[in-house]
Amino acid sequence: MSLPSLLPDMLATLGLDYGMVITLVGVAGAVVMRVLMNWSKEEVRQHTGAQVLQYPKGVRLMVQGLWVVGLGLLALAGFAWGGPHAKFALSFATVVNAIVLTLHLLVFGERVTWDAAHIHVFSLWGRTRVIPIHTVVACEFSRMWQQYRVQTEGHGPVKVNVHWVGVPEFLAMLPCRVPAYPPA
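Parameters at a glance
For every chain, the first residue of the written sequence is number 1, and numbering continues from 1 along that sequence. Only residues with pLDDT of at least 70 are given local features in this predicted model, and only at 80 or more are side-chain atom pairs given and counted; all residues enter the totals for whole chains, interfaces and linings. Side-chain measures were taken over the full set of non-hydrogen atoms in the model, leaving aside hydrogen atoms and water. The pairing criterion for strands is at least two bridges between them, as found by DSSP. What counts as a helix is a DSSP run of H or I of at least four residues, what counts as a strand is a run of E of at least two, and both are numbered from the N terminus. Axis geometry follows a simple rule: fit a line to the C-alpha atoms, using only the stretch in contact for helices, then measure angles between N-to-C directions, giving values from 0 to 180 degrees. Buried means the residue's accessible area, taken with a 1.4 Å probe over protein chains only, is under 20% of the maximum for its type, while exposed means over 50%, and partly exposed covers the values in between. For the purposes of this analysis, a disulfide is any pair of cysteine sulfur atoms at a distance within 2.5 Å.

Novice: I tried to follow the sheet that holds strand β5 (residues 136–142) on my own but got confused; where do I start?
Specialist: In a beta sheet, neighbouring strands pair by backbone hydrogen bonds and run either parallel or antiparallel. Taking strand neighbours across the sheet as the criterion, the three strands line up as β5-β6-β7 in an open arrangement whose pairing is antiparallel. Strand pairing shows two members of the sheet lacking a second neighbour, β5 and β7 (158–161), which therefore form its edges. Taken over all neighbouring pairs, the strand axes of this sheet differ in orientation by 20° on average, direction set aside. The sheet contact formed by strand β6 (residues 147–152) and β7 spans four bridges and is antiparallel. Counterpart to Tyr 148 in the pairing with β7 is Val 160.

Novice: Is there a simple way to explain the pairing of strand β3 (residues 118–122) in this structure?
Specialist: A regular strand places its side chains on the two faces of the sheet in alternate fashion. Covered by surrounding structure in β3 are Ile 119 and Val 121 only, the residues His 118, His 120 and Phe 122 on the alternate face being uncovered. Where strand β2 (residues 111–114) lies against β3, four bridges are found, and the strand directions are antiparallel. Across the sheet, the residue bridging to Thr 113 is His 120, located in β3. In this structure, the hairpin formed by β2 and β3 is closed by a connection of three residues. Between β3 and strand β4 (residues 129–132), which pair antiparallel in sequence order, lie six residues.

Novice: What's the story with the state of the cysteines in this structure? I'm lost.
Specialist: Here, disulfide denotes a covalent bond that connects the sulfur atoms of two cysteines. On inspection of all chains with the given rule, the structure shows zero disulfides. The thiol of Cys 139 is unpaired, and the distance to the nearest cysteine sulfur, on Cys 176, comes to 5.6 Å. A relative accessible area of 10% places Cys 139 in the buried class. Classification of Cys 176 by relative accessible area gives buried; the value is 17%.

Below you can see the structure in the form of structure tokens.
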């Protein structure tokens, strides 16, 4: 028995077809995503005294779960190799993994920390910056980007995602008038 025919044979033995499996995986994935997002929202609500702004644990776990899905798609594309849909399966798995990689870099590569005198901005997309707090001149909320933008003199803006853990504490520390949290 060849490896590509193993999965259909296993599904047939269980009395399942591809449509049922895809539906079950989709429903299970949606439930898991909903639980993780609720967990993340609760973490954001309960978090106090933070000195680090970053995505909540639920979002980080979601990205790790997406890696499992993406790598599983690559494995399935390997099982389909030599079949009529092999190129499509490999292309689809590659696109999904590229999207997951981008999400991974966003979720794990950006954060803001602060202490009594400085704001430290870490980003894979831009340079790492240390900004004296006394240079903060304004703070506004961008509804379109769902982020607070802290304007500074000579150091560029600090962009703070509204979904990060620790945002209320960070806003309270700023020496300027800030929009309400959570944003209306």
